[in-house]
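These are the residues of each chain, in order.
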Amino acid sequence: MTLPAPAHDRTCLVTGASSGIGVELARELAGRGHGITLVARRRERLEELAADIAESSLVRTEVIALDLTDADARAALPDQLAERGLTVDVLVNNAGFSTVGPVAASDHRREVAMVRTNVEAVSDLCSMFVPGMVERHRGAVLNVASTAAFQPMPGQAGYAASKAFVLSYTHALRAELAGSGVTVTALCPGPVDTEFIDTSGMDRAAATRALPSIMWVPAQTVASAAVEGLVAGRAVVIPGAANRATAVAAHLTPRTLLMPLLARRHPAARPH
Ligand SMILES: NC(=O)c1ccc[n+]([C@@H]2O[C@H](COP(=O)([O-])OP(=O)(O)OC[C@H]3O[C@@H](n4cnc5c(N)ncnc54)[C@H](OP(=O)(O)O)[C@@H]3O)[C@@H](O)[C@H]2O)c1
């Protein structure tokens, strides 16, 4: 299974396309001739990117500005695409963010918004668009998880759990769709220097100190590895050898040993 060939009435729906990895995923897919539908809240950013892509390639670009935490706004997506005469061939669930800090000091509204964006929207969009792909025997799904999916993370408890959901869900969806003509891949990046750090409220200097430079991979490299992974029909893509090694080690280390270590090392794991 691989990426479907581009077609004029088909589109790749990319969420979180106003910044970071999402921008690069959209550019990468457009560069391979695929029409793109850009989704996020910041409309001007999406329009700028759409204009930029249209200038450098001949593909059709569409903008749908919406808040993915809003279930009604999500529910309107299939009709908005149908009105434009578009069918989703490739679904990229990339939008997401992290909160940082212990649960004991958390803002409950932001925690819930994170779960809605990182978990609820991913599951909802798959339920919306995968049935059509199965009927047509063609399609691809890229769900963006994280290396945070491979172990619980004191200091980012909700975020790591949300990405564990995405990874588990993607493995299961892939198994369900084996032989259907629809390919499913989980992208698990390690640290990437994007607005993600600022949105989370992480101290940039502390994040850079905590994670060695060998683990940081540029957004463009992450996006091209992801699309290569879709083309090759890979289950999981972890860009960067250091991140692959760390993910395996974290996955295999007993939780009783790993959790106290991570709680000591994470700059934001303690409420005091
Ligand atoms: N950067 C990293 O170190 C890293 C590592 C591993 C995994 N990831 C994952 O990679 C994905 C992309 O992150 P990034 O690094 O590119 O971060 P980013 O630069 O902050 O981009 C996040 C994107 O998500 C969108 N988004 C957030 N909340 C949304 C909402 N409620 N509705 C619609 N769109 C929303 C943002 O758009 P608007 O604000 O315009 O809505 C933005 O386009 C995320 O799932 C993240 O968890 C990132």
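Data block above holds the structure.
Residues numbered from 1 in each chain as written. Predicted model: local features only at pLDDT ≥ 70, side-chain atom pairs only at ≥ 80, totals over all residues.

Another aspect to go through is the site of the ligand. In the vicinity of the ligand there are 29 residues, among which Gly16, Gly20, Arg41, Arg42 and Gly96 approach most closely. Elements represented by at least two residues in the shell around the ligand include exactly helix H1 (20-31) and helix H7 (196-200). The leading source of residues in the shell around the ligand is H1, at 3 residues. Of the residues in the shell around the ligand, the class split is 11 nonpolar, 13 polar and 5 charged. (Near = placed C-beta within 6 Å. Helix = DSSP H or I, 4+ residues; strand = E, 2+ residues; numbered from the N terminus. Nonpolar A, V, L, I, M, F, W, Y, C, P; charged D, E, K, R; others polar.)

Moving on: the nonpolar core. Among soluble globular proteins, nonpolar side chains are generally buried collectively. Counting residues in hydrophobic clusters, the biggest one holds 64 residues, and the most contacted among them are Val14, Ala17, Ala26, Ile36, Leu38, Cys188 and Ala226. Ranked by residue count, the leading element in this core is helix H5 (residues 108-136), at 7 residues. (Core = buried A, V, L, I, M, F, W, Y, C linked by C-beta atoms within 7 Å. Buried ≥ 20, exposed ≤ 12 C-beta atoms within 10 Å, placed from the backbone.)

Taken together, 7 strands build an open sheet; the order of strands is E3-E2-E1-E4-E5-E6-E7 and the sheet is parallel. This sheet does not close on itself; its edge strands, each paired only once, are strand E3 (61-65) and strand E7 (236-237). As judged from the 4 bridges shared by strand E1 (residues 10-15) and strand E2 (residues 36-40), these two strands associate in the parallel manner. Directly across from threonine 15, in E2, lies its bridge partner valine 39. Along the sheet, H5 makes contact with strand E4 (87-93), strand E5 (139-144) and strand E6 (182-187), crossing E4 at roughly 145°. Its contacts with the sheet put helix H9 (residues 219-232) on E5, E6 and E7, and the angle it makes with E6 is roughly 150°. (Pairing = 2+ DSSP bridges. Contact = placed C-beta atoms within 7 Å. Axes fitted to C-alpha atoms, helices over the stretch in contact; angles between N-to-C directions.)

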